[in-house]
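Residues per chain are reported as follows:
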Amino acid sequence: QVERTHHPTTPHRSAMPDRSRSPRGHGDAELILGGPIATELCAQVLQGSRELQDRHNVIPGFAVIEVGDHQYGALLEPMSDVATGPVPLGQINLPHQNYAELKARMAERCGMRSQVLRFSQNVSQEQLMQTISQLVKDPSVHGILLEMPLPPHLDERHLLASIPPWKDAEGFNAHNLGLLHCRWEPKTRPAVAAGILELLFRSNVPMVGKHAVVLGRSRTVGWHIAALLMDQDCTVTVCHSQTPDIPEVVKRADILVACVGRPGFVRGSWLKPGCVVVDAGMNVVSDGKSAASVVGDVCFEEACKVASKITPVPGGVGNSSFAILLRNVLNLARQSLRLTKIGVGPAGPERFRCADTFSFPDIALQVPTVMLPRKGADLTKWSVVACDQYTSQPEYWKSVQDKVGTSPSTLNLIFPEVYLSDDKTNRQIIQGIRDRMYEYDRDGILQAQAPGFVLIDRKTPSVESRKGLVVAIDLEQYDFSRDSQSLIRPTEKTIEDRLPPRMAIREKSSLELPHILMLIDDPDRTVIEPLFAMRDTLEVLYDCELMKDSGHLKGYHVGSRDAVEGVVAALRKLADPARFRERTGAKSSAQPILYAAGDGNHSLATAKRCWEALKRAGAHHTHPARHALVELVNVYDEGMNFEPIHRLVFNVDGEAAIQDFVGFCGEQGWGPARVEWSKVEATGRQHVLHFCVKGKQGTVVVENPGLVLPVATLTTWLDAYGAGHKGVVVDYVHGDEVVHEKTAGPDCLGFLLPGMEKGDLIRTVVKEGVLPKKTFSMGTSDEKRFYFEARRIVNEPAFFKADFFRRGQVSGPLRPASK
């Protein structure tokens, strides 16, 4: 027989004895109460269920299958009515003692549809399998739970395996468990083990570096909580029936999880003073004279005198695991709609409400999962400047190596261009970089954070603050050709010959570390600046000084749904074609540009080429290498300065070259053009180009230029002049002084270029395509982006035994190449 029960959403209430009291007065231990934590979790589940119905017209569906009658409800302390707020426990009466009924009732309270399918003890394996198959096919059912234990004639393993991972409410499907123990994120986590972790997390129990002892290796609790604690960087010891001298092992525990099913097994004398005790045992005991009572695996009164925190029984683990079960059902419903899970991420439990989705193809944006160095790392040694800086100063990089020493550092994950050498040496260094990436990932030196953007506050030697936002952008919408109309574009010409060495590093590497600065044209400051205004409410991810007196770096986590949706809405407005054309004066046929590569364009082009190669090899469109990690910076940010790059033209008759320039402008239809032997300021549409020749200064005035920027006018002539005059050499320099010095003698002509207005950058790219090379500089070397965040650009790796023996050390010598 099968009894199918559907439940109303409003539970009956009447008076019941107060079961909330615990013997707090027997010691100094703080109680970790599961009731308040479960109430908070269930309130979040209720909110999530209502939002799912309001936004997607989907109600989470929960089905419980019970064989026989599991009269265990009395062991679980009833929780508050989360629909109406906390209720004193004495006012709650659930008119049943059945565990399945209790779960179904609470699911209804959390905004779900629930049903209990109850079978007699004599039900056949085939009938249960058929019922599960029907539930799996039912789109209104998102989570299925099979109550344990089962009668001995039923095959528990076969039945659990028939519940697929995407409908596994309890987290016991072998696929989900396999993912969990491989440190990958399953569809659901085992409810009891995840509930224990939630108790520790919400009670602010430190876990990193702590010694955790798990008593019991059951397939339902012990095995899985050990894995979850290891994932939180605990050192974990699992004790079982064959472990010798268990009390001595327990005495070393900073965190003790007891799940052996033996009442009062752990004595207070076993415990380390100040430890945290989580008692997952639930045992019914009776002395034959009084009513039966429920106790845990730990002798509570003794433990309270030694431990700093402890969970009571009942009223601890049971409540939290029950709430986690309901959250699992909600997350299964969300995943059926390709929405993100709430309350749990790659780094474990999450207090904030994450975004519903992490990909926004219409604006080429993805919310990344960044990896950061683990706690305790020396962050000043970790972060180094972009690899394309100080290319003529090997002593700079030598001093960086000396400072880093053997500490974990991004220096070991990049290839400073000063070390480029012959092919053999380059290959050795690249292989060493890949091995070190593997080592940092394998050993947990780099740890995945909760998905989110990173808000950057960068202090440089010249500015107090430059604001940025680390995001991932879609390489499918990046085109670096001159006439590109893509949403992501370069600002300067991409030189294809510079890509192969970079591709040799990126291809087959497991991680990317960005030094790419992407510029957004946001004059109203709608994207990054609102986040900066609320930075005091955001979690600080890192805060450190940069080496070599290069300033300070602080990063904040931006992962909440409201914050992410705010960024997305602002970027969508910037990308709106009508708004874009109004802002930039573009033609009606021009397509919006949302992200313009400022620094690191060749690194971005390298990522594009590597992604194209992966696509040709058959990579799926969800492959992580499709996106690239970058930092967005508003061109109107007060900390963003565009410095001019001046020109020196060698081996020329300077005065004759100036006359050639004037004639060239006339031939192009940009005239009239003239020479003034004084410094003249531009008026109207004029381009004025100040020059120095033979110790004198003058100005070329172009009245009707056909290009937006003066540097574009100059470069067009210089390219033509250099092609027609053998021996002419052009150099690019910073600072007026060097121009005056070099042009004091003969055979050298210098041009002092003006700085570029911030509003001209995007307008010029839209009108003319990529800018001339060396149009502007985004600060000096010590103002460039420093490496800090990493991101995995390969699918989650599968580890083999041989991988354990890889040392991951740089095998090639790091010596500057001969110039």
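In the block above lies the structure referred to throughout.
None of the values given here were measured: they were computed from a predicted structure.

On to the overall build of the protein chain. Along the protein chain, the regular secondary structure elements total 22 helices and 36 strands. Counting across all 819 residues of the protein chain, residues that qualify as buried make up 56%. For the protein chain, long-range pairs separated by at least 24 residues make up 75% of all intrachain contacts whose partners lie at least 6 apart in sequence. Counting every atom, the protein chain has about 35,400 Å² of accessible surface; 50% of that belongs to carbon and sulfur.

A few words on a positive patch on the surface. Side chains of R482, K493, R498, K773 and K774 sit close together on the surface and give a patch of like positive charge. Secondary-structure assignment places R482 in the loop between β20 (466-474) and β21 (488-490).

Attention now goes to the side chain of T743. Counting through the fold element by element, T743 comes out in the loop between α21 (736-742) and β34 (748-752). Exposure remark for T743: the relative accessible area of 2% places this residue in the buried category. At 2.8 Å, the side chain of T743 and the backbone oxygen of V739 are in polar contact. Look past the residues within four positions of T743 in its chain and what remains in contact with it is L648, C692, V693, K694, G695, C748, L749 and G750.

Moving on, we come to helix α2 (residues 99-109). Owing to its 3.6 residues per turn, the α-helix aligns residues three or four sequence positions apart on the same side. Most of α2 sits out of view: eleven of its eleven residues are buried. Regarding α2, the residues found buried are Y99, A100, E101, L102, K103, A104, R105, M106, A107, E108 and R109. Among the residues trailing α2, G111 stands out with phi positive, at a value near 80°.

Structurally, the position occupied by H515 is in the loop between β22 (511-512) and β23 (517-520). Within the structure, H515 has its side chain in polar contact with the side chain of Y787 (distance 3.1 Å).

Within the largest apolar cluster, 57 residues are counted, with the highest numbers of intra-cluster contacts made by F62, L200, L229 and L326. At nine residues, helix α10 (residues 317-336) tops the list of elements feeding residues into this core. Those residues in contact with F62, other than ones at most four positions away along the chain, are K103, A107, R113, S114, Q115, G143, L145, A169, L325, L326 and V329.

Right, let's get into the packing of helix α1 (residues 34-56) against helix α6 (residues 191-202). At a minimum axis separation of 11 Å, α1 and α6 run at an interaxial angle of 100°. The angle between α1 and α6 falls in the class roughly perpendicular. Here G34, I37, E40, L41 and Q44 of α1 lie close against α6, whose contacting residues are E198, L199 and R202.

We now examine the pattern of salt bridges. Overall, the coordinates contain 38 salt bridges when judged by the stated rule. A salt bridge links D543 to K554; the nearest nitrogen and oxygen atoms lie 3.9 Å apart. Of this pair, D543 sits in strand β24 (residues 539-545) while K554 sits in strand β25 (residues 552-558); the two residues are eleven residues apart in sequence, bridging distant segments of the chain. Of the residues examined, K554 reaches a relative accessible area of 23% and is grouped as partly exposed. Note that E631 is salt-bridged to R785, the shortest N-O span being 2.5 Å.

The subject of this paragraph is the packing of helix α5 (residues 174-181) against helix α7 (residues 222-231). Orientation of α5 relative to α7, taken along the N-to-C sense of each, is 35°, at an axis distance of 10 Å. Residues L177, L180 and H181 of α5 touch α7, and the partners they reach there are W223, H224, A227 and L228. Counted by class, the contact of α5 with α7 contains five nonpolar, two polar and no charged residues.

Cut-off values and rules
Residues numbered from 1 in each chain as written. Predicted model: local features only at pLDDT ≥ 70, side-chain atom pairs only at ≥ 80, totals over all residues. Heavy atoms only, no water. Helix = DSSP H or I, 4+ residues; strand = E, 2+ residues; numbered from the N terminus. Buried < 20%, exposed > 50% of the residue type's maximum accessible area, 1.4 Å probe, protein only. Contact = heavy atoms within 4.5 Å. Areas by Shrake-Rupley, 256 points an atom, 1.4 Å probe, with all protein chains shown as cover. Patch = residues over 30% accessible without salt bridge, like charges linked within 9 Å, V, L, I, M, F, W, Y side chains within 5 Å. Salt bridge = Lys/Arg side-chain N within 4 Å of Asp/Glu carboxyl O. Lys, Arg positive; Asp, Glu negative; His and termini not counted. Charge placed at Lys NZ, Arg CZ, Asp CG, Glu CD. Polar contact = N/O pair within 3.5 Å; in protein donor to acceptor, adjacent residues only side chain to side chain. Core = buried A, V, L, I, M, F, W, Y, C linked by side-chain atoms within 4.5 Å. Axes fitted to C-alpha atoms, helices over the stretch in contact; angles between N-to-C directions. Parallel < 35°, antiparallel > 145°, perpendicular 65-115°, else oblique. Nonpolar A, V, L, I, M, F, W, Y, C, P; charged D, E, K, R; others polar.

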